[in-house]
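Observations on the three-dimensional arrangement
Below are the chains, spelled out letter by letter.
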Amino acid sequence: MRDSRDNSSLSTFKSYSKKQVFSRFKAKMSSFLKLLDLQPIEFVILMIFLTFVFFLYLINLGVHRPFDYDEGVYLLTSIMFREGFIPYSQLFVSQPPLLFELIKLIAPSFKNDLFGSRFSIVLLGTIGLLATALCTNTIIKSYFQNEEKEINLLKRSFPIVLTVLLLGIGSHYWFYYSRRLLPNIPEASFTVLAFWFFLQSFKKNKSYIWAFLAGTSLSIGMFFKLFGAIPFLFILIYYLISKKNKLNAVLFMIGFFVPFLILFNYDVPSMINQIIYFHIQKERNFHIILYSLGAMGEWLITDPINIVGLLGLISLFRTKNQYENVLFFWTWYNIVILWFYSPLFPHHLVHLVPFSAILASLFLYKSCSYLNKNKSKIYYWLQKKTVKFSRILKDSYTKIRRFILTKQRLSLFLILLSSMLLSLPILYVQHLVLYPYPAANDTAEFIRTILDEDEYFITDGPSIAYLADRLVPPYLVDISQQRIYSENIQSEDIIALAIEYNVTVILYWVYRLVLLDEWNQYVQENYSLGYIYSGNQNKWINATDQMIEEGKVANGQIWISI
C-alpha cells in the first residue's frame, strides 16, 4: 500500500514538473515573441522561409573555382592568421579583424576551409535577413498602433515574408556576396540589426537597453568593415536633438565603444595605418565619380528590388510616420556618405541592399493595400485610359506608316535598323568572348609539383597560393593595385622579401606585379622564364628560347631563380 502511494506521488510530481517546465517555456517564448513584436504564426512562417534561404545558400558553397582577387586575399589571410602570423605586424591586413577571428573560430569545424569560411558568411547573412524582416515588421506594425481591431494573417505575415524573399533570393547582390568570403555581408547584417535596435528604442519600454544594443551592433559591424561606422553620427545626433532622454545618447556611445576592447589584442598604430590611413589615400577624381554613377546605375538595373526600393524611398517624401521618416533620412544619409567615402564598387553597395529591400517591401505592401481599397475607381480609370491609349496608338501607327513608306525614307529606316542590329553584339563582346585565362586548380596543382611544403613563393594570385597549400611572405598576402599606387608597397620591399625568404618561384597571375618596373627588372636579371600558360592547350608549357630572349614579363608566367 505504501509503495503504491509512493509511486502515485512520484508520477504526480513528474507530471507536475512537465507541466511546470512547459508553462515556463511557454512564458519565455511568449516574452521572446513580444520582444520581437511577432505573433506565433508570424514567427513560424518567418523561420520556415529563413531556413529555406539558408539551405539554398549552402548549395555548392565549397566548390573550388577561380574566385576573384579579394576572396583569395581573405582566404590566404585567414589561413596565415590561424598559422600564428601576427596580423598588422607580420601580416598586412587592410580590413578590421573580426572576419578573420570568426573564420578562425568556425572554419576548423569543417574539413574544407573554403566551405567553413564561406559558411560563416552565410550564417551572418541569414542574421541580416532576419534583422531586415524585423525592421519591416516594426514599421508595418506602427501603421496599426491606434487600431483596436486585430491585424489579419495576411497583413501580419505578408510583409516579413516578402522582405525575406526580396532580399534573400530577389537580390542578386545579396545572394552573390552572401556565398563569398568577404566582410561586406557581416557588416551589412550588423548595420541593419543596429537599425532595428534603433527603431525599438523609440518605444517607451526599456528604450535605454535598445540604444545600448544599437551602439554595440553598429560597432561589431564596423570591426568587420569600416562602412559599419557610417550611421554612427546619424543615430547620435538623432538621440541628442530628439525629445528622448539624453541618456539614450550616452548608452548608445557606451555600447559603441565596448567592442573596442578587442584592440588590446593587436598593434593599434599598425592597425590604424593599414585599415584607415591606407584607405583614405584614394584620390576622388572625375573618373571615380563617373565610375560611381555607372555602378549605381548597374546596381539599380541588376537588382529589380532596388528600383522598387527607390520608388518606396520617393513615396516616403511626405510621410508623417515617425519610423518611415527615420528610414527616409537614414537611407539618404547612408547613400551620401558612402558616395564620398569610396568608389561604389559592387561589394560596397551591399551596405544599402537591406534598406532597399525594406523600402521595396513597404512600397509593395502599401500599393497592394491601396489597390484593394480602390478596386472600382482604378478599374474604371484603367478602362478609360486604355480606350484613349488604343486610339493614340492607332493614329500613331497610321502617321508612322505614311512617313516611312516613301523610297528614300524606307531606305534610311532599313539602314538605321540594320546598323543597330549589327552594333548590338559589339556592345556585349566582353560578355560573349571567352578570353584564355589560366585555370586555377591546374595552376595550383602545378605549383605543388615544383615547390616543397616549407618553401615560400611570390605571386599576385593569393587564391592560387591557398589552393596550392603553399605560403607567401606574410607582408605580400595582399599585393593590391591600391597598395602599389599609394606606394604602400614598392619594388624594393618585394625584392628584400624575395631575398629574405629565399624565393625560387615567382608566379605572375593577375595585373599586379607587372606594374612594378624595378621589380620586373630584378626578376629578369635573377630569374629565368621557366613556364608559360598556353591558352590554346589549357596547360603550363616550357618557355621557348624565343620567349626567354624577349624577356617579357606578363601574366600567366612562372619564373624560376637562376
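Each remark here, short or long, concerns the structure printed above.
Structure report, in brief.

Criteria and thresholds
- Residues numbered from 1 in each chain as written.
- Predicted model: local features only at pLDDT ≥ 70, side-chain atom pairs only at ≥ 80, totals over all residues.
- Heavy atoms only, no water.
- Helix = DSSP H or I, 4+ residues; strand = E, 2+ residues; numbered from the N terminus.
- Buried < 20%, exposed > 50% of the residue type's maximum accessible area, 1.4 Å probe, protein only.
- Contact = heavy atoms within 4.5 Å.
- Areas by Shrake-Rupley, 256 points an atom, 1.4 Å probe, with all protein chains shown as cover.
- Salt bridge = Lys/Arg side-chain N within 4 Å of Asp/Glu carboxyl O.
- Axes fitted to C-alpha atoms, helices over the stretch in contact; angles between N-to-C directions.
- Left-handed = near helix turned anticlockwise from the far one by under 90°.
- Nonpolar A, V, L, I, M, F, W, Y, C, P; charged D, E, K, R; others polar.
- Phe/Tyr/Trp six-rings, centres within 6.5 Å; stacked < 30°, edge-to-face > 60°.
- Lys NZ or Arg CZ within 6 Å of the ring centre and 35° of its normal.
- Core = buried A, V, L, I, M, F, W, Y, C linked by side-chain atoms within 4.5 Å.
- Parallel < 35°, antiparallel > 145°, perpendicular 65-115°, else oblique.
- Pairing = 2+ DSSP bridges.
- Patch = residues over 30% accessible without salt bridge, like charges linked within 9 Å, V, L, I, M, F, W, Y side chains within 5 Å.
- Lys, Arg positive; Asp, Glu negative; His and termini not counted.
- Charge placed at Lys NZ, Arg CZ, Asp CG, Glu CD.
- Arc of directions from axis to C-beta.
- Polar contact = N/O pair within 3.5 Å; in protein donor to acceptor, adjacent residues only side chain to side chain.

**Some points on the overall build of the chain**
Within the chain one finds 26 helices and 5 strands. Among the 562 residues that make up the chain, the fraction classed as buried is 47%. Intrachain contacts of the chain at a sequence separation of at least 6 include 76% that bridge at least 24 residues. With an accessible surface of roughly 30600 Å², the chain has 63% of that area assigned to carbon and sulfur atoms.

**A short note on the pattern of salt bridges**
A complete count under the given rule lists 6 salt bridges for this structure. In this structure, the salt-bridge partner of Arg-118 is Glu-71, at a minimum N-O distance of 2.7 Å. With Arg-118 in helix α5 (residues 113-142) and Glu-71 in helix α3 (residues 69-82), this residue pair connects regions lying 47 residues apart in the sequence. With respect to class, Arg-118 is no different from Glu-71; both count as buried. The salt bridge involving Lys-366 is made with Glu-324; its shortest N-O contact spans 3.1 Å. One end of the pair, Lys-366, is in helix α17 (residues 353-373); the other, Glu-324, is in helix α15 (residues 322-341), with 42 residues separating them in the sequence. Its relative accessible area of 29% is what places Lys-366 among the partly exposed residues.

**A word on the packing of α3 against helix α4 (residues 98-106)**
Contact pair α3 / α4: the axes reach a minimum separation of 9 Å and the direction vectors enclose 65°. In the packing of α3 onto α4, the handedness of the crossing is right-handed. Residues Tyr-74, Thr-77, Ser-78, Phe-81 and Arg-82 of α3 form the contact with α4, whose own contacting residues are Leu-99, Phe-100, Glu-101, Ile-103 and Lys-104. Residue composition of the contact of α3 with α4, by class: 5 nonpolar, 2 polar and 3 charged.

**A few points about unusual backbone geometry**
Of note, Tyr-88 is a non-glycine position whose phi angle comes to about 70°, a positive value. Among the residues examined, Tyr-88 registers a relative accessible area of 1% and is labelled buried.

**Considering the packing of aromatic side chains**
One pass over the full model with this rule turns up 45 aromatic pairs. Between Phe-232 and Phe-256 the ring centres are 4.5 Å apart and the planes differ by 40°, which places this aromatic pair in the tilted class. You can see Phe-232 sitting in helix α10 (residues 232-241) and its partner Phe-256 sitting in helix α11 (residues 247-257), a full 24 residues away along the chain. Across the pair, Phe-256 and Phe-232 agree in class, each one buried. Considering the side-chain rings of Tyr-239 and Phe-252, the 6.0 Å spacing of their centres and the 65° angle between planes classify their relative orientation as edge-to-face. In this pair, Tyr-239 is assigned in helix α10 and Phe-252 in helix α11, connecting sequence segments 13 residues apart. For Tyr-239, a relative accessible area of 0% puts it in the buried group. For the cation-ring pair, Lys-225 lies above Phe-227, with the distance from its terminal atom to the ring centre recorded as 5.5 Å. In this structure, Arg-483 packs its charged tip against the face of Tyr-475, placed 4.6 Å from the ring centre.

**What about the nonpolar core?**
Residues Phe-198, Ile-506 and Trp-519 are the most contacted members of the largest nonpolar core, which totals 160 residues. Looking at which element gives the most residues to this core, the answer is α5, with 12 residues.

**As for the packing of helix α8 (residues 184-200) against helix α9 (residues 207-222)**
Two elements in contact, α8 and α9, have axes whose closest approach is 8 Å; the angle formed by their N-to-C orientations is 170°. Viewed along their axes, α8 and α9 adopt a mutual orientation that is roughly antiparallel. Of the residues in α9, those in contact with Glu-187, Phe-190, Thr-191, Leu-193, Ala-194, Trp-196, Phe-197, Phe-198 and Gln-200 of α8 are Trp-210, Leu-213, Ala-214, Ser-217, Leu-218, Ile-220 and Gly-221. Looking at side-chain class alone, the contact of α8 with α9 contains 11 nonpolar, 4 polar and 1 charged residues.

**Notes on the sheet that holds strand β1 (residues 458-459)**
Judged by pairing direction, the sheet is mixed, and its 5 strands sit side by side in the order β1-β2-β5-β3-β4 without closing on themselves. The two strands at the open ends of the sheet, each matched to only one other strand, are β1 and β4 (539-542). Pairing of strand β3 (residues 527-534) with β4 involves 4 bridges; the strand directions are antiparallel. Counterpart to Tyr-531 in the pairing with β4 is Asn-542. Running over the sheet, helix α21 (residues 440-450) touches β2 (505-508), β3, β4 and β5 (557-561) and is turned about 170° from β2.

**A look at a negative patch on the surface**
A surface patch of negative charge is lined by Glu-83, Asp-452, Glu-453, Asp-454 and Asp-469. Within the secondary structure, Glu-453 is located in the loop between α21 and β1. We classify Glu-453 as exposed; its relative accessible area is 70%.

**Quick notes on helix α12 (residues 268-277)**
Among all positions in α12, only Met-271, Gln-274 and Ile-275 are buried. Axial view of α12: buried residues confined to an arc of 80°, hence all on one face.

**Some words on the side chain of Thr-163**
The topology assignment puts Thr-163 in helix α6 (residues 153-170). In this structure Thr-163 comes out as buried when scored by relative accessible area, which is 1%. A polar atom in the side chain of Thr-163 sits 3.1 Å from the side chain of Thr-136. The contact partners of Thr-163, leaving out residues within four places of it in the chain, are Thr-132, Ala-133, Thr-136, Gly-168 and Ser-361.

**Focus: the environment of Phe-81**
Mapped onto the elements, Phe-81 comes out in helix α3. Taking the C-alpha atoms as reference, Phe-81 lies 7.1 Å from Phe-100; in sequence the two are 19 residues apart. Leave out the neighbours within four places in its chain, and Phe-81 touches Pro-87, Leu-91, Phe-100, Glu-101, Lys-104 and Tyr-266.

**Quick word on a nonpolar patch on the surface**
Judged by side-chain polarity, Tyr-208, Leu-247, Val-250, Ile-254, Val-258, Leu-261 and Phe-264 come together as a nonpolar surface patch covering roughly 660 Å² of accessible area. Residue contributions to the nonpolar patch peak at 3 residues, all from α11.

**Let's talk about the environment of Gln-557**
For Gln-557, the position within the fold is in strand β5. Using a relative accessible area of 4% as the deciding quantity, one classes Gln-557 as buried. Each C-alpha atom of the pair Gln-557 and Tyr-531 lies 5.9 Å from the other, and the pair is 26 residues apart in sequence. A distance of 3.3 Å separates the side chain of Gln-557 from the side chain of Trp-559, its partner in a polar contact.

**As for the environment of Leu-105**
Here Leu-105 is to be found in helix α4. Residue Leu-105 is classed as exposed on the basis of its relative accessible area, which comes to 65%. Taking the C-alpha atoms as reference points, Leu-105 and Gly-116, 11 residues apart in sequence, are found 9.8 Å from one another.

Purely spatial values, then, with no claim about function.
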